[in-house]
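Listed below are the residues making up each chain.
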Amino acid sequence: MANESILNESVLKGLSVLYVEDDDLLRANLGKYLKRRFGEVFLASNGREGLDIYNRRKPDFVITDINMPVMNGNEMIKSILEVDDAQPIIITTAFNDDEHTSLRCVNLIKPIDTNKLLEAIFYCIGTHLSK
């Protein structure tokens, strides 16, 4: 079991993630958690910033809120999937919304359980690599 954990951690260190969240405290807290696990972490406070970072950096994963100012998560996701329809996206929301499940997205209800987040990330890795 310890070897599996070390293997999982080494896999994450080789990946980049974009986390888009308009709540400053949530973005800072989960951002710290992600920075301890991923090789590169990009943070954005709205969908427009997130899309700009996505287009410049092409992260391995996108984790995003839906309800945000400037550009909401739905609009950002649509734009990202137009660039790469296989992009793994994890949606964090306060509402149980399955709207994007068929669009290669996984939904997590806030507050984010970091164990469920890691499960979703490894699920996406497996799904993405099998395509």
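Residues numbered from 1 in each chain as written. Predicted model: local features only at pLDDT ≥ 70, side-chain atom pairs only at ≥ 80, totals over all residues. Heavy atoms only, no water.

Let's shift gears to the pairing of strand β2 (residues 40-44). Across 5 bridges, strand β1 (residues 16-20) lies against β2 in parallel orientation. Looking across to β2, one finds that Ser16 is bridged to Glu40. Regarding topology, helix α2 (residues 24-37) serves as the crossover connection from β1 to the parallel β2, and that connection is right-handed. (Pairing = 2+ DSSP bridges. Helix = DSSP H or I, 4+ residues; strand = E, 2+ residues; numbered from the N terminus. Right-handed = clockwise from strand over helix to strand, strands pointing away.)

The next thing to look at is unusual backbone geometry. Here Lys110 and Pro111 are connected by a cis peptide whose omega angle stands at -5 degrees. By the element assignment, Pro111 lies in the loop between β5 (105-109) and α5 (114-129). For Lys58, which is not a glycine, the phi torsion comes out positive at approximately 45 degrees. Along the chain, the position of Lys58 falls in the loop between α3 (47-57) and β3 (61-65). Its relative accessible area of 41% is what places Lys58 among the partly exposed residues. In this structure, Val70 is a non-glycine residue whose phi angle is positive, near 70 degrees. Mapped onto the elements, Val70 comes out in the loop between β3 and α4 (73-83). (Buried < 20%, exposed > 50% of the residue type's maximum accessible area, 1.4 Å probe, protein only.)

According to the stated counting rule, one finds 6 salt bridges in the structure shown. Across the pair Lys110 and Asp65 runs a salt bridge whose closest N-O atoms are separated by 3.2 Å. You can see Lys110 sitting in the loop between β5 and α5 and its partner Asp65 sitting in strand β3, a full 45 residues away along the chain. A salt bridge links Lys78 to Glu82, with the nearest nitrogen and oxygen atoms 3.8 Å apart. Here Glu82 and Lys78 lie together in helix α4, a separation of 4 residues that amounts to about one turn. Overall, Glu82 belongs to the exposed group, its relative accessible area being 60%. Each of the salt bridges in this network shares a partner with another, and the network as a whole consists of Glu21, Asp65 and Lys110. (Salt bridge = Lys/Arg side-chain N within 4 Å of Asp/Glu carboxyl O.)

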